Amino acid sequence: MGVMTQYIYPKGRPFKVVEIDRESVAYLNEVYPKLRDNIISADFLRLDLNDVFDGKQFVLTGNYPYDISSQIFFKMLDNKELIPCCTGMIQREVAQRIAAQPGNKTYGILSVMIQAYYDVEYLFTVDENVFNPPPKVKSAVIRMTRNKTEHLDCDEKLFKTLVKTLFGQRRKMIRGSIKQLFTQQPPAEFFEQKFMTKRPEQLSIADFVELTNLVDAEINLENV
């Protein structure tokens, strides 16, 4: 219903609204007639973001649908060169996961993947009582600002696979869950290296990069 739009649109910056719900689009067209040519009636998850501002960078912001917020942020990562900053409101638990540091129980896939490329700020919590009707969960506003990392010092595709694999069995030590990444069993000395007796939530992003390179080297030995 334009809760955020009413404050952003008057600033006079190039501005696009993405809305999948047809009734909401009709409402926005009626209440904000000047916005008519800037409303994209589409599914954000299927949208080619290069088409939004003709390949130019833009800030992504919104009150994100809680059920697909993680998917939105993975799409942000796939288009990170277009999005120098992302901000908005999501479910508090998701915000806490994104901002979590190593050693925290909420530290996981979202934490590692987003913090590898963005600096994350948990700005504030939004109480459920400010909504009508009030939801059963608290919300939070976060800001993610692109850091200086252009490329990780490893195979980024393997990095992503490694992170997802290890956190898929987060209660296991790494030496147990990492075996899934190999078509052949690595030699015993591979499992004697550092990290192997740790659990994934204990590893920093730099640790995941180093571990990715160790796995990559072992896979290459398999293929020799």
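What you see is a predicted model; the values in this text were computed from it and never measured.

Criteria and cut-off values
- Residues numbered from 1 in each chain as written.
- Predicted model: local features only at pLDDT ≥ 70, side-chain atom pairs only at ≥ 80, totals over all residues.
- Heavy atoms only, no water.
- Salt bridge = Lys/Arg side-chain N within 4 Å of Asp/Glu carboxyl O.
- Helix = DSSP H or I, 4+ residues; strand = E, 2+ residues; numbered from the N terminus.
- Buried < 20%, exposed > 50% of the residue type's maximum accessible area, 1.4 Å probe, protein only.
- 1 Å grid on protein atoms, 1.4 Å probe; cavity = no way out; pocket = protein on both sides within 12 Å on 5 of 7 lines; lining within 4 Å.
- Points joined across faces, edges and corners; volume = space filled by probe spheres on them.
- Core = buried A, V, L, I, M, F, W, Y, C linked by side-chain atoms within 4.5 Å.
- Contact = heavy atoms within 4.5 Å.
- Pairing = 2+ DSSP bridges.
- Right-handed = clockwise from strand over helix to strand, strands pointing away.
- Expected span 1.5 Å × (residues − 1).
- Polar contact = N/O pair within 3.5 Å; in protein donor to acceptor, adjacent residues only side chain to side chain.

Going through the model one piece at a time under the given rule, you end up with 7 salt bridges. Arginine 146 is the partner of glutamate 81 in a salt bridge, and the nearest nitrogen-oxygen pair spans 2.9 Å. One end of the pair, glutamate 81, is in the loop between helix 3 (69–78) and strand 4 (85–91); the other, arginine 146, is in strand 6 (residues 139–146), and 65 residues separate them in sequence. Using a relative accessible area of 43% as the deciding quantity, one classes glutamate 81 as partly exposed. The buried category is assigned to arginine 146, whose relative accessible area is 16%. Between glutamate 128 and lysine 138 there is a salt bridge; the shortest N-O distance is 2.9 Å. Separated by 10 residues along the polypeptide, glutamate 128 in the loop between strand 5 (118–126) and strand 6 and lysine 138 in the loop between strand 5 and strand 6 bring together distant segments of the chain. You can call lysine 138 partly exposed: its relative accessible area is 23%. Linked through salt bridges whose partners overlap, the residues forming this network are Asp127, Glu128 and Lys138.

In this section: the environment of lysine 105. Inspection of the secondary structure assignment puts lysine 105 in the loop between helix 4 (92–99) and helix 5 (109–115). What makes lysine 105 exposed here is its relative accessible area of 77%. For the pair formed by lysine 105 and arginine 170, sequence separation is 65 residues and the distance between their alpha carbons is 9.9 Å.

A volume near 1,300 Å³ is recorded for the largest pocket. Together, 38 residues line the largest pocket, and Val17, Val18, Thr61, Gly62 and Asn63 are the ones closest to its centre. Elements with a minimum of two residues in the lining of the largest pocket: helix 1 (5–8), strand 1 (17–18), helix 2 (22–31) and strand 3 (59–63). Here the lining of the largest pocket takes 5 residues from strand 3, the largest share from any one element.

Judged by nonpolar contacts, the single largest core of 53 residues is most densely connected at Phe73, Phe159, Ile178 and Phe208. If you list the elements that add at least two residues to this core, you get helix 3, strand 4, helix 4, helix 5, strand 6, helix 6 (156–168) and helix 8 (205–222). With 6 residues, the single largest contributor to this core is helix 6. Leaving out residues up to four positions away in the same chain, phenylalanine 208 has contacts with Tyr107, Val112, Phe159, Leu162, Val163, Leu166, Phe167, Pro200 and Leu203. In this structure, Val17, Val25, Leu28 and Leu35 belong to the second largest nonpolar core, which totals 7 residues.

Side-chain alternation along strand 3 places Leu60 and Gly62 on a buried face and Val59, Thr61 and Asn63 on a face that remains uncovered. Two elements, strand 3 and strand 4, share 5 bridges in a ladder whose sense is parallel. Looking across to strand 4, one finds that glycine 62 is bridged to glycine 88. Taken together, strand 3, helix 3 and strand 4 constitute a β-α-β crossover, and its handedness is right-handed.

Counted at 1.5 Å a residue, the expected span for helix 6 with its 13 residues is 18 Å, and the 18 Å between its end C-alpha atoms agrees. Residues of helix 6 that are buried include every one of Leu158, Phe159, Leu162, Val163, Thr165, Leu166 and Phe167, and no others. At the N-terminal end of helix 6, a side-chain oxygen is found 3.0 Å from the backbone nitrogen of lysine 157, two or three residues along, and the residue is aspartate 155.

Purely geometric stuff here, so don't read any function into it on its own.
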